[in-house]
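Below are the chains, spelled out letter by letter.
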Amino acid sequence: MADSGTQGGESLLFLTDEQLRRGIEAMFFAYRGFTSDPDRILEKYGYGRAHHRAIHFINREQGLTVTTLLSVLGVTKQSLNRVLRTLIEDGLVESRIGKRDKRARHLHLTERGEALERELSGAQRERMRAAYRSAGPQAVAGFRQVLEAMMDPDMRRHYQMLKDNA
C-alpha cells in the first residue's frame, strides 16, 4: 500500500491546532502511564522521578561524571547533589574520584542500585514492549523519529552519544 501521507484521515503535513492539541494530550497521558509503574516502586523507597532519572543514566553509562549527568538531566547542581547524596547514603550509588582528574567524580551503581534500576526499567520495558507490539514496526520507527525531532539540539547530542555507545 502506498504511503498517502495520511494517517486516520489526517494529513501529516498540515495538522490543525486541534489535531496538535490531541497529540499533546496523548503525550501527557502516555507519560502518566509510562511513569506510573516506576512511581509506585519509587514511593516504597521515598524516592521521586529525579532519583529514577539519575539511576537510569548512571546505569546506562557506569562511571559517568557528575558534570555529564548535570548536563544530561538539565537540573541545577544543588538539585542533583540532593538526589545523589540520598542515593549514596542509601548505598545505591558510589562516587569515585577520577584517576586522571582528581576533581572529577565518577558515578557507579552498587549491586543494590543495579537491582533497583532493573526493577524500575523492567516495568517501563514491559509497557513499551506491549505498546510497540500493538502499534507495529512502522509506528515504532515513526514514533522514534517524532521524539528525536522534538529534542533540543543539546539533548539530541546527548541522546546520539548514548545511541552510539549502545
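Here we summarise the structure given alongside this text. (Residues numbered from 1 in each chain as written. Predicted model: local features only at pLDDT ≥ 70, side-chain atom pairs only at ≥ 80, totals over all residues. Heavy atoms only, no water.)

### What about the environment of E117?
Then comes step 1: Here E117 is to be found in helix α5 (residues 111-135).
Then comes step 2: By relative accessible area, E117 is classed as buried at 9%.
Then comes step 3: The spatial distance from the C-alpha of E117 to the C-alpha of R103 is 27 Å, given a sequence separation of 14 residues.
Then comes step 4: Non-local contacts of E117, meaning those with residues more than four positions away in its chain, are made with I55, H56, N59, L109 and G122.
Then comes step 5: At a separation of 3.4 Å, a polar atom in the side chain of E117 contacts the side chain of N59. (Helix = DSSP H or I, 4+ residues; strand = E, 2+ residues; numbered from the N terminus. Buried < 20%, exposed > 50% of the residue type's maximum accessible area, 1.4 Å probe, protein only. Contact = heavy atoms within 4.5 Å. Polar contact = N/O pair within 3.5 Å; in protein donor to acceptor, adjacent residues only side chain to side chain.)

### What about the packing of helix α6 (residues 137-150) against helix α7 (residues 153-164)?
Then comes step 1: Across the interface, α6 lies against α7 with an axial gap of 9 Å and an inter-helix angle of 135°. Taken together, the axes of α6 and α7 lie oblique to each other. Listed contacts from α7 to R144, E148 and A149 of α6 are R156, Y159 and K163.
Then comes step 2: The class makeup of the residues in the contact of α6 with α7 is two nonpolar, no polar and four charged. (Axes fitted to C-alpha atoms, helices over the stretch in contact; angles between N-to-C directions. Parallel < 35°, antiparallel > 145°, perpendicular 65-115°, else oblique. Nonpolar A, V, L, I, M, F, W, Y, C, P; charged D, E, K, R; others polar.)

### Side note on the sheet that holds strand β3 (residues 64-65)
Then comes step 1: The antiparallel open sheet is built from three strands, whose spatial order is β3-β5-β4. Two strands close off the open sheet at either side, each with one partner strand: β3 and β4 (93-97).
Then comes step 2: Here β4 runs beside strand β5 (residues 105-109); their pairing, made up of five bridges, is antiparallel. Bridging from a neighbouring strand, V93 pairs with L109 of β5. (Pairing = 2+ DSSP bridges.)

### Examining the nonpolar core
Nonpolar side chains in soluble globular proteins tend to end up buried together.
Then comes step 1: Counting residues in each nonpolar core, the largest one holds 21 residues, and the members touching the most others are L69 and L87.
Then comes step 2: In this structure, L87 is in contact with Y47, H51, A54, I55, L92 and V93, ignoring residues within four places of it in sequence. (Core = buried A, V, L, I, M, F, W, Y, C linked by side-chain atoms within 4.5 Å.)

### Re the environment of I58
Then comes step 1: Inspection of the secondary structure assignment puts I58 in helix α2 (residues 49-60).
Then comes step 2: Distance in space between the C-alpha atoms of I58 and M128 is 21 Å, their sequence separation being 70 residues.
Then comes step 3: The contacts of I58, once residues within four sequence positions are left out, are L64, L69, L84, V93, L107, H108 and L109.

### Brief notes about helix α4 (residues 77-89)
Then comes step 1: Between its first and last C-alpha, α4 extends 18 Å over 13 residues, near the 18 Å set by a 1.5 Å rise per residue.
Then comes step 2: For α4, every residue scored as buried is listed here: L80, V83, L84 and L87. Seen along its axis, α4 keeps its buried residues to an arc of 95°; they face one direction. In α4, those exposed residues whose orientation departs by more than 90 degrees from the buried face are Q78 and E89.
Then comes step 3: On its buried face, α4 is in contact with α2, α3 (66-73), β4 and β5.
Then comes step 4: Looking one or two residues past α4, G91 carries a phi angle of roughly 75°, positive in sign. (Expected span 1.5 Å × (residues − 1). Arc of directions from axis to C-beta.)

Purely geometric stuff here, so don't read any function into it on its own.
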